[in-house]
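# Structural features, examined
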Amino acid sequence: MAVEAKLSETVELIQARLNRSGVARLRRLSWLRAKCWGLVLSIFTAGLTTFIGKGEQPIELFKKVELPEGPLVVVANHSSHIDSVALVAMIGRSRPVLVAAAADYWLTDKASEIIARASIGIWPIRRDSEQGFEDLLKVRQLLLSGVVVVVFAEGGRSETDEVGQFHTGAFRLAQETGATVLPVAIINSAQVLPRHAISAKHKPINIRLADPMKITDAVEQTKSAENKVRDLKDTSVINSAGFGFSRVNRIAFGWLTTAVVHRSVVASNFCNKPHN
């Protein structure tokens, strides 16, 4: 009971801090996380590519994906820890984003908590209790203020890489707030970072966006979204040759890196210059 009480205290503290932090700060943090994770994915995988539906026209990672305006809940399948990274890298470039995450997994030790809060940006929920949906509802104000909330609707990672049964929580949240739901299929992530793996394999990840949904019947539309994601998940992964390298090249020679290098050169010249 002491452990559960401590966990509950931590969850409520994090939720309160996020609500106080404001959308502007979350937008800046999301943009920074998206840029950092984009670079990581560009180096250590064969690239992250977004597609609309079953289309074959890729949206490159360094481009902003056009997301539905207004309050938005993204629901996705979940097979790998890299799923959160992929969605933050895709969404965070254009919108502030928080990922609903299991408190009993991410907040049980300090190292995991730091990773989850600092590098991903989580909204903790107590999934193994009746408190779970109440925790999700507490993100309401941030959601209505423009923060995209990502929910892995299966409630955990799939052990088989098959899309499991979706829970209704995200859809009930959307119905109560008037938010749009965007079903998303993440393809090949389990092959890039399998369960228990400590390093990523150089393979591609695809994200496919289904049609947005306005929720009027949470239970019925939960099943509909599950079917949409399952259908898109069955699409063959597309590997764009040289795609990751081109993104790294853009980053390496982009304005930010150029500015850092220039500043370093100026500082070095100053330090090496004789002073009276």
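Notes on the structure follow. Computed from a predicted model, the values in this text were never measured in an experiment. (Residues numbered from 1 in each chain as written. Predicted model: local features only at pLDDT ≥ 70, side-chain atom pairs only at ≥ 80, totals over all residues. Heavy atoms only, no water.)

### Focus on unusual backbone geometry
Phi is positive for Asp161, close to 70 degrees, though the residue is something other than glycine. Under the relative-accessibility criterion, Asp161 is labelled buried at 16%. Positioned with a positive phi, Asn188 is a non-glycine residue whose angle comes to about 80 degrees. Among the structural elements, Asn188 can be located in the loop between β6 (180–187) and α9 (189–192). For Asn188, a relative accessible area of 13% translates into the label buried. (Buried < 20%, exposed > 50% of the residue type's maximum accessible area, 1.4 Å probe, protein only. Helix = DSSP H or I, 4+ residues; strand = E, 2+ residues; numbered from the N terminus.)

### Considering the pairing of strand β1 (residues 48–52)
The buried fraction of β1 amounts to 4 of the 5 residues, a majority that puts the element mostly inside the structure. Here 5 bridges tie β1 to strand β7 (residues 205–209), and the two strands are oriented parallel to one another. Of the residues in β7, the one forming a bridge with Thr50 is Ile207. (Pairing = 2+ DSSP bridges.)

### Side note on the pattern of salt bridges
The tally for this structure, following the rule as stated, stands at 9 salt bridges. A salt bridge links Arg126 to Glu12; its shortest N-O distance comes to 3.6 Å. On the criterion of sequence distance, the pair formed by Arg126 in the loop between β4 (122–125) and α6 (131–137) and Glu12 in helix α1 (residues 2–21) is long-range, its members being 114 residues apart. Owing to a relative accessible area of 10%, Arg126 belongs among the buried residues under this scheme. (Salt bridge = Lys/Arg side-chain N within 4 Å of Asp/Glu carboxyl O.)

### A closer look at the layout of surface pockets
In this structure, the largest pocket spans a volume of roughly 1,200 Å³. Surrounding the largest pocket, 46 residues form its lining, His78, His81, Ser84, Trp106 and Phe152 being those nearest its centre. Grouping the constituent residues of the lining of the largest pocket by class yields 28 nonpolar, 14 polar and 4 charged. (1 Å grid on protein atoms, 1.4 Å probe; cavity = no way out; pocket = protein on both sides within 12 Å on 5 of 7 lines; lining within 4 Å. Points joined across faces, edges and corners; volume = space filled by probe spheres on them. Nonpolar A, V, L, I, M, F, W, Y, C, P; charged D, E, K, R; others polar.)

### Here we look at the nonpolar core
Core analysis: the largest hydrophobic core is formed by 74 residues, its most contacted members being Val73, Leu87, Ile91, Leu142, Phe171 and Val184. Element by element, the count of residues in this core is highest for helix α3 (residues 82–91), at 8 residues. Setting aside residues no more than four positions away along its own chain, Ile91 makes contact with Leu67, Val74, Val97, Val148 and Val150. (Core = buried A, V, L, I, M, F, W, Y, C linked by side-chain atoms within 4.5 Å. Contact = heavy atoms within 4.5 Å.)

### A short note on the packing of aromatic side chains
Under the definition given, this model contains 1 aromatic pair. Ring geometry for Tyr105 and Trp106: centres 5.1 Å apart, planes at 70 degrees, overall edge-to-face. For Trp106, a relative accessible area of 22% translates into the label partly exposed. In this structure, Arg172 packs its charged tip against the face of Phe133, placed 3.7 Å from the ring centre. (Phe/Tyr/Trp six-rings, centres within 6.5 Å; stacked < 30°, edge-to-face > 60°. Lys NZ or Arg CZ within 6 Å of the ring centre and 35° of its normal.)

### Observations concerning the pairing of strand β2 (residues 72–76)
The element β2 is largely enclosed, with a buried count of 5 among its 5 residues. Of the two faces of β2, the one holding Leu72, Val74 and Ala76 and the one holding Val73 and Val75 are both buried throughout. Sheet topology places β2 next to β6; 5 bridges connect them, and they run parallel. Across the sheet, Val74 pairs through a bridge with Leu182, a residue of β6. The pairing of β2 with strand β5 (residues 148–152) spans 4 bridges and is classified as parallel. Within the sheet, the bridge partner assigned to Val73 lies in β5 and is Val149.

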